[in-house]
Amino acid sequence: MDALANKFYFLATYGCQMNESDSERYAGQLEALGYHRTEEIDMADVVLLNTCCVRETAEGKILGKIGELKHIKARNPQLIIAVTGCMAQEWQDRLFQRAPHIDLVIGTHNIHKLIELLQERQHKSDHYLAADMTAPAFHELPTKRFQKFFAWVPIMNGCNKFCTYCIVPYVRGREVSRPVDEILREIKTIAAEGYKEITLLGQNVNSYGLDLKDDLDFSTLIQEIDRIDGIERVRYMTSHPKDMTFAMIDAIGASKKVVNHMHLPIQSGSDELLKRMNRGYTVAHYLELVDYARARIPDLVLTTDLIVGFPGETEEMFQDTLQLLQKVQYDMAYTFIYSPRTGTPAAKMDGQISAEEKSRRLQRLMDVQNVYSLARNEAMEQKTYEVIVEGPTKNDEHHWFGRTRGNKMIIWEDDGSVRIGDTVQVMVDKGQTWVLKGHLVH
Ligand code: SAH
Ligand code: SF4
Ligand code: F3S
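All of the points below concern the structure found in this document. All figures in this text were calculated on a predicted structure; none of them were measured in a lab. (Residues numbered from 1 in each chain as written. Chains lettered and ligands numbered in written order. Predicted model: local features only at pLDDT ≥ 70, side-chain atom pairs only at ≥ 80, totals over all residues. Heavy atoms only, no water.)

A full pass over the atoms with the stated rule returns one cavity of 30 Å³ or more. In this structure, the largest cavity spans a volume of roughly 140 Å³. Forming the boundary of the largest cavity are 14 residues, of which Asp22, Arg25, Ile111, Ala137 and Phe138 lie nearest the centre. It is helix 1 (residues 17-32) that contributes the most residues to the lining of the largest cavity, three residues altogether. Residues belonging to the lining of the largest cavity are distributed by class as follows: six nonpolar, three polar and five charged. (1 Å grid on protein atoms, 1.4 Å probe; cavity = no way out; pocket = protein on both sides within 12 Å on 5 of 7 lines; lining within 4 Å. Points joined across faces, edges and corners; volume = space filled by probe spheres on them. Helix = DSSP H or I, 4+ residues; strand = E, 2+ residues; numbered from the N terminus. Nonpolar A, V, L, I, M, F, W, Y, C, P; charged D, E, K, R; others polar.)

Set out below in structure tokens:
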């Protein structure tokens, strides 16, 4: 161990919460070996980039970072560079051709291979690749959790939906549910360690259990988790409107711990485009789910994902999306410009839309949504909410923030009376588009 007492790793995570969670398992393995984390890349013995390839912008950013590492490696030839995650899975050994200074490329089903490959590389300078998608998606691995009161819990991995724009099914593989006893064991351990909030993760949490032999689904999983003492809040990401059932909404509504926030990506307000996207639902069905959820889950906070500029999107179809925003009145929407991904059907479709038009539509979409986000947040003024304290804001140590059960961020002036991880009551004074301002209620 002594030889490793001053060995350091630098870790950067791109993409979604699944990647955040995977990063904790990469870090767990390195720390079990005696490595310490550093934020200074020049101090590192191992640099690990856990990557995303969902849009071209994500990939471009990562390629830029990989380029920078060339100079760092030139200064420190002993440095071992590992590229992991979805882009590693997509590119595989082409990454070594593009950037020969990379040592290890590890795909999404091979997280458990890190230490083995690292040791081989320490023994012999060469390129090492592990990208076998037939390896199991889940391995029980040591986990270094980066947060103290909030924990990620993956419940499934992969996607069978094949939305025509999306690369995720190709880089994450088919849907695989994690065995329920493993999930419950992890949550019990987390609860005993003092974590207050967990987020159940999967590309498609509503498909949980469909591949398992026992009779479990997302509703029954929630009921099991509800019985575990200690955890205050259970979040879940991401739901798919095709697999979300009324029974699941009932289970969420009946649960004491599952929060009143639902992220339900719709992508477009046009039935024609939804069909071409292969989403598997209509706007009318989606609206039924929303009505049902709002009736069953008090004070529901509803968020979504939207894509503008999908091939063939006409001005009328785009207007349908704007109208949908008006109908649903989301609390918040993540809005994306369609990005063609090589190997997906949409990349070859007719009717690709110019970059300028896509940007214009994105701006129009955001302008409309911002009005509703502001209105939803203003409606919270003068009401008091339960908040778990996360700590000082980035720019001002005298202002602290935390999140409501509905996942709204509230900022207040610190008076020294609360600590990180406390569950407190905060009254909202002012609702803004992105954030709420309030004060502690003692
Ligand atoms: N499984 C989740 C989403 C995972 S990807 C779901 O289906 O809801 C997160 C979001 O990225 C998607 O909801 C979609 O809005 C966006 N996205 C995925 N592929 C994209 C692409 N090629 N171009 C633009 N946005 C994309
Ligand atoms: Fe991608 Fe669609 Fe699967 Fe979501 S459901 S990960 S958007 S293919
Ligand atoms: Fe990106 Fe992979 Fe997540 S492509 S969005 S990191 S599943």
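In this structure the tally under the stated criterion is six aromatic pairs. Where Phe162 meets Tyr170, the ring centres are 5.4 Å apart and the plane angle is 80°; that geometry is what we call edge-to-face. Overall, the relative accessible area of 28% leaves Phe162 in the partly exposed class. Given a relative accessible area of 39%, Tyr170 falls into the partly exposed group. Plain terms: the ring middles of Tyr165 and Phe310 are 6.3 Å apart, the flat faces sit at 85° to each other, and that makes the pair edge-to-face. Of this pair, Tyr165 sits in the loop between strand 8 (156-157) and helix 6 (168-172) while Phe310 sits in the loop between strand 13 (301-308) and helix 12 (315-328), and the two are 145 residues apart along the sequence. (Phe/Tyr/Trp six-rings, centres within 6.5 Å; stacked < 30°, edge-to-face > 60°. Buried < 20%, exposed > 50% of the residue type's maximum accessible area, 1.4 Å probe, protein only.)

With mixed pairing, five strands are arranged side by side around a closed barrel as 15-16-17-19-18. Put simply, the sheet's adjacent strands are angled 50° from each other on average, direction ignored. Of the strand pairs in this sheet, strand 16 (residues 399-404) and strand 17 (residues 409-413) are connected by five bridges, and their pairing is antiparallel. Bridging from a neighbouring strand, Gly402 pairs with Ile410 of strand 17. (Pairing = 2+ DSSP bridges. Axes fitted to C-alpha atoms, helices over the stretch in contact; angles between N-to-C directions.)

Each pocket or cavity is described by its volume, and for the largest pocket that value is around 1200 Å³. Lining the largest pocket are 46 residues, and of these Cys16, Val54, Arg55, Thr238 and Asp305 sit closest to its centre. Sorting the residues of the lining of the largest pocket by element identifies helix 1, helix 2 (56-75), helix 6, strand 13 and strand 14 (332-337) as the ones contributing at least two each. Residues belonging to the lining of the largest pocket are distributed by class as follows: 26 nonpolar, 13 polar and seven charged. Counting contributing residues, the lining of the largest pocket receives three or more from each of domain 1 (2-130) and domain 2 (147-259). In this model, the second largest pocket occupies a volume close to 900 Å³. Forming the boundary of the second largest pocket are 32 residues, of which Gln17, Tyr334, Glu390, Arg403 and Asn407 lie nearest the centre. Of the residues belonging to the lining of the second largest pocket, the class tally is 15 nonpolar, 10 polar and seven charged. Both domain 2 (147-259) and domain 3 (384-440) contribute no fewer than three residues apiece to the lining of the second largest pocket. (Domains from an automatic or database assignment.)

The terminal C-alpha atoms of helix 11 (residues 283-296) lie 20 Å apart, and with 14 residues this matches the ideal 20 Å at 1.5 Å per residue to within 8%. Here helix 11 has its buried residues at Val283, Tyr286, Leu289, Val290, Tyr292 and Ala293. Those residues of helix 11 hidden inside the fold are in contact with helix 9 (246-254), strand 12 (261-263), helix 10 (271-276), strand 13 and helix 12. (Expected span 1.5 Å × (residues − 1). Contact = heavy atoms within 4.5 Å.)

Tallying each qualifying case throughout the model produces 33 salt bridges. Between Glu186 and Arg178 there is a salt bridge whose closest N-O contact spans 2.6 Å. Each member of the pair, Glu186 as well as Arg178, carries the same accessibility label: buried. Across the pair Glu357 and Arg360 runs a salt bridge whose closest N-O atoms are separated by 2.7 Å. Here Glu357 pairs with Arg360, and both are found in helix 13 (residues 355-378), just three residues apart, close to one helical turn. Relative accessible area serves as the criterion here: at 49%, Arg360 is assigned to the partly exposed category. Each of Glu24, Arg25, Arg145, Arg178, Glu182 and Glu186 takes part in a single network of salt bridges with overlapping partners. (Salt bridge = Lys/Arg side-chain N within 4 Å of Asp/Glu carboxyl O.)

Near ligand 3, the surroundings consist of Cys16, Asn19, Cys52, Cys53, Val54, Cys86, Arg172 and Gln203. If you map ligand 3 onto the pockets, it falls in the largest pocket. (Near = heavy atom within 4 Å. Sits in = over half its atoms within 2 Å of the grid points.)

So, on to the environment of His139. Along the chain, His139 falls in the loop between strand 6 (128-130) and strand 7 (150-154). His139 sits 12 residues away from Ala151 along the chain, and the two C-alpha atoms are 18 Å apart. Setting aside residues no more than four positions away along its own chain, His139 makes contact with His109 and His112. At a separation of 3.2 Å, a polar atom in the side chain of His139 contacts the side chain of His112. (Polar contact = N/O pair within 3.5 Å; in protein donor to acceptor, adjacent residues only side chain to side chain.)

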